[in-house]
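Results of the structural survey
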Amino acid sequence: MTGKGHRLSTTAFVLGTTGSVLAAVMSYMGSTFPDSSEYMFFGKRRNRYHRRYTHWFVPWALLAYVCFKRAGWIVPNLANLIDGREAHRDVWACAGFWFAGCLLHILEDAWCGTVPFLRPWKRDVGLHVFHMSNKIGVMSRGEINFVLCSVGISLFAFMMRYFTLDSFMAFCVNLWRSI
Ligand SMILES: [Zn+2]
């Protein structure tokens, strides 16, 4: 998947599931890290190792687990972070969401290609739900549809936090009366 696709689907998913803008921003930064870390670790030989060691879920899952455990399994909040009394928990939670972004990156890559499962040097699981464009950085039609669906569902989940069924019914009744 392209960087754009990773950033959009990961950020929207985390915003939709947690309702926290801070968590979403952290996952946005982590969402392309498995690809960019390949340049850090392998430099020019990056293509040989693409989607292998850096796309193995185990190290990212362990790092996320450690951070969330130290945070006490909270969702970070900007107000608490600025308040400062329990800020260390929010800092750990922010790091946790960075690594959660890395895990989501691997999951998204598995939709359109293959990633390692038990052996980090072998890409052996993937669904091939859509094809990638041949041009680097360009989203294929399949990827655009996938991203639109995941962003749409996530934003719907986010909206549902603020609109309950009761308030929706009251809105419909008022609309009906005003016609
Ligand atoms: Zn990738």
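This text goes with the structure placed above it.
Right, let's walk through the structure included here. What you are looking at is a predicted structure, and each value in this text was computed from that prediction instead of being measured. (Residues numbered from 1 in each chain as written. Predicted model: local features only at pLDDT ≥ 70, side-chain atom pairs only at ≥ 80, totals over all residues. Heavy atoms only, no water.)

**Looking at the overall build of the chain**
Within the chain, the secondary structure is distributed over 8 helices and 0 strands. Mapped in sequence order, the helices and strands of the chain form the string α-α-α-α-α-α-α-α. Once the C-alpha set of the chain is aligned to its principal axes, its extents read approximately 65 × 45 × 25 Å. Taken over 179 residues, the chain has a buried fraction of 39%. Summed over all atoms, the accessible surface of the chain reaches about 11200 Å², with 68% contributed by carbon and sulfur. (Helix = DSSP H or I, 4+ residues; strand = E, 2+ residues; numbered from the N terminus. Buried < 20%, exposed > 50% of the residue type's maximum accessible area, 1.4 Å probe, protein only. Areas by Shrake-Rupley, 256 points an atom, 1.4 Å probe, with all protein chains shown as cover.)

**Details of the state of the cysteines**
Counted by the stated rule, this structure contains 0 disulfides. Free cysteine: C149, not disulfide-bonded; nearest cysteine sulfur from C112 at 15 Å. (Disulfide = S-S within 2.5 Å.)

**Structural notes on the layout of surface pockets**
Roughly 510 Å³ of volume is contained in the largest pocket. Listing elements by their share of the lining of the largest pocket, those giving two or more residues are α3 (33–42) and α6 (87–112). Here the lining of the largest pocket takes 3 residues from α3, the largest share from any one element. Classifying every residue of the lining of the largest pocket by side-chain character gives 6 nonpolar, 8 polar and 5 charged. Of the pockets and cavities examined, the second largest pocket occupies roughly 290 Å³. Lining the second largest pocket are 15 residues, with S9, F13, F146, S150 and S154 sitting closest to its centre. Within the residue set of the lining of the second largest pocket, elements represented by two or more residues are α1 (3–18), α6 and α7 (141–160). (1 Å grid on protein atoms, 1.4 Å probe; cavity = no way out; pocket = protein on both sides within 12 Å on 5 of 7 lines; lining within 4 Å. Points joined across faces, edges and corners; volume = space filled by probe spheres on them. Nonpolar A, V, L, I, M, F, W, Y, C, P; charged D, E, K, R; others polar.)

**Here's the deal with the coordination of the zinc ion**
In this structure, D35 (OD), H55 (NE2), H105 (NE2) and D109 (OD) serve as the protein donors to the zinc ion, at separations of 2.1 to 2.4 Å. When the donors of the zinc ion are listed by position in the chain, the intervening gaps give D-x19-H-x49-H-x3-D. On the criterion of sequence distance, the pair formed by D35 in helix α3 and D109 in helix α6 is long-range, its members being 74 residues apart. Residue classification places D109 among the buried positions, given a relative accessible area of 1%. (Donors = N, O, S within 2.8 Å, 3.2 Å for Na, K, Ca; no water.)

**Examining α7**
Between its terminal C-alpha atoms α7 stretches 28 Å, which fits the 28 Å expected from 20 residues at 1.5 Å a residue. For α7, the complete set of buried residues consists of E143, F146, V147, S150, V151, S154 and F158. Looking straight down α7, one finds that the buried residues subtend no more than 120 degrees of arc, so they occupy a single side. Of the exposed residues in α7, those oriented more than 90 degrees away from the buried face are R141, L148, I153 and F156. (Expected span 1.5 Å × (residues − 1). Arc of directions from axis to C-beta.)

**A look at unusual backbone geometry**
Unlike most non-glycine residues, R51 shows phi in positive territory, near 60 degrees. Looking at the secondary structure, you find R51 in the loop between α3 and α4 (57–71). Backbone geometry places H128, a non-glycine residue, at a positive phi of 50 degrees. By secondary structure assignment, the location of H128 is in the loop between α6 and α7.

In short, shape yes, function no, at least from these values alone.
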